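As a plain string of letters, each chain reads:
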Amino acid sequence: MSNIKHTLSVTAIIENGGKFLFVKRDQSLGNFPNKWVFPGGKVEIGEDVIQTLYRELSEETGLEFTNELAFVSAYQFSRAEDNSSSQGLVFLVRSQNTEVKTDSSIAEHKWINPKDIMDYEKDTIYGMEVHVRNATVLLKANALFDKRLFSVTEYQNNKCSMDKKYFEDLKEAESITDFFENNKYLPYSGQ
């Protein structure tokens, strides 16, 4: 049995107006100091991936977000501070604004055009261009989803329930937007 500690991290490519938010990690940080990356962090006990994603983005950027979300890619690295193995998931999200309010972990930030990722090649983590490529493909394909689609934790925590009518109405709906406007996203059990 291995004694290696494993962690799960989430990162986001934040899009607004066709540009992506790029942040430079503070030089005091153990992992990737002075590197340009996308904001994110470790999943904490009691959180699911989506809760962590939005908590981290709020803490690190202060931005407000739409409900749009898409899975972009995955990555793996060893953490410098404890030599743990970290698995990471990258998501694409949209911000409602561009006024970034960074925390102490961020030294600088920039909104960049996707093609400009190559200008930072020496100052990023190897492979960042793949995340940008995948995010661009998802945007072109209009493949973002409502973030609430991922929220089984919210469903469980709020003791929600669904019935056959809910699924019948969902199947028959001509527009998912209309369906969500006319139905609770997560029907509550009344408890």
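Quick note: structure is the one above.
Keep in mind it's a predicted model, so treat the numbers as computed, not measured.

Rules used in this analysis
Residues numbered from 1 in each chain as written. Predicted model: local features only at pLDDT ≥ 70, side-chain atom pairs only at ≥ 80, totals over all residues. Heavy atoms only, no water. Helix = DSSP H or I, 4+ residues; strand = E, 2+ residues; numbered from the N terminus. Buried < 20%, exposed > 50% of the residue type's maximum accessible area, 1.4 Å probe, protein only. Polar contact = N/O pair within 3.5 Å; in protein donor to acceptor, adjacent residues only side chain to side chain. Pairing = 2+ DSSP bridges. Core = buried A, V, L, I, M, F, W, Y, C linked by side-chain atoms within 4.5 Å. Contact = heavy atoms within 4.5 Å. Expected span 1.5 Å × (residues − 1). Arc of directions from axis to C-beta. Phe/Tyr/Trp six-rings, centres within 6.5 Å; stacked < 30°, edge-to-face > 60°.

**Student:** Help me understand the side chain of Ser9, please; the structure alone is not making it clear to me.
**Tutor:** Along the chain, Ser9 falls in strand β1 (residues 6–16). For Ser9, a relative accessible area of 3% corresponds to the buried category. There is a polar contact of 3.1 Å between the side chain of Ser9 and the side chain of Ser86.

**Student:** Would you take a moment to explain the pairing of strand β5 (residues 65–78) for this structure?
**Tutor:** Walk down a regular strand and you will see the side chains alternate between the two sheet faces. Pairing between β5 and strand β6 (residues 85–95): 10 bridges, direction antiparallel. By the bridge assignment for β6, Ala74 is matched with Leu89. Alignment of β5 against strand β8 (residues 145–146), held across two bridges, turns out to be antiparallel. In the sheet register, Glu68 faces β8, and the bridge partner there is Asp146.

**Student:** Looking at this structure, how should I read the nonpolar core?
**Tutor:** Soluble, globular proteins show a tendency: their nonpolar side chains are buried together. Counting 34 residues, the largest nonpolar core has Ile13, Ile14, Phe22, Leu53, Leu92 and Val93 as the members making the most contacts within it. Setting aside chain neighbours within four positions, we find Val93 in contact with Ala12, Ile13, Ile14, Glu15, Leu53, Tyr54, Leu57, Phe65, Glu68 and Leu69.

**Student:** I keep staring at helix α2 (residues 128–140) and nothing clicks. Help me out?
**Tutor:** Note that an α-helix has 3.6 residues per turn; residues three or four places apart therefore point the same way. With 13 residues, α2 ought to run about 18 Å at 1.5 Å a step, and its terminal C-alpha atoms sit 19 Å apart, in line with that. For α2, the set of buried residues is Met128, His131, Val132, Asn134, Ala135 and Leu138. Buried residues along α2 cover an arc of 165° about the axis, so they all sit on one side. Pointing more than 90 degrees away from the buried face of α2 are the exposed residues Arg133 and Lys140. Close packing links the buried residues of α2 with β1, β2 (19–25), β3 (36–37), β5 and β6.

**Student:** Explain the packing of aromatic side chains here, please?
**Tutor:** Aromatic ring pairs are reported here in terms of the distance separating the ring centres and the angle at which the planes meet. Going through the model one piece at a time under the given rule, you end up with seven aromatic pairs. Seen in terms of ring centroids, Phe22 and Phe38 are 5.4 Å apart; in terms of plane orientation they differ by 50°. Their pairing is tilted. Linking Phe22 in strand β2 with Phe38 in the loop between β3 and β4 (40–42), this pair joins segments that are 16 residues apart in sequence. Residues Phe22 and Phe38 agree in their burial class; the two are buried. Put simply, the rings of Phe22, Trp36, Phe38 and Tyr120 pair up and form one aromatic cluster.

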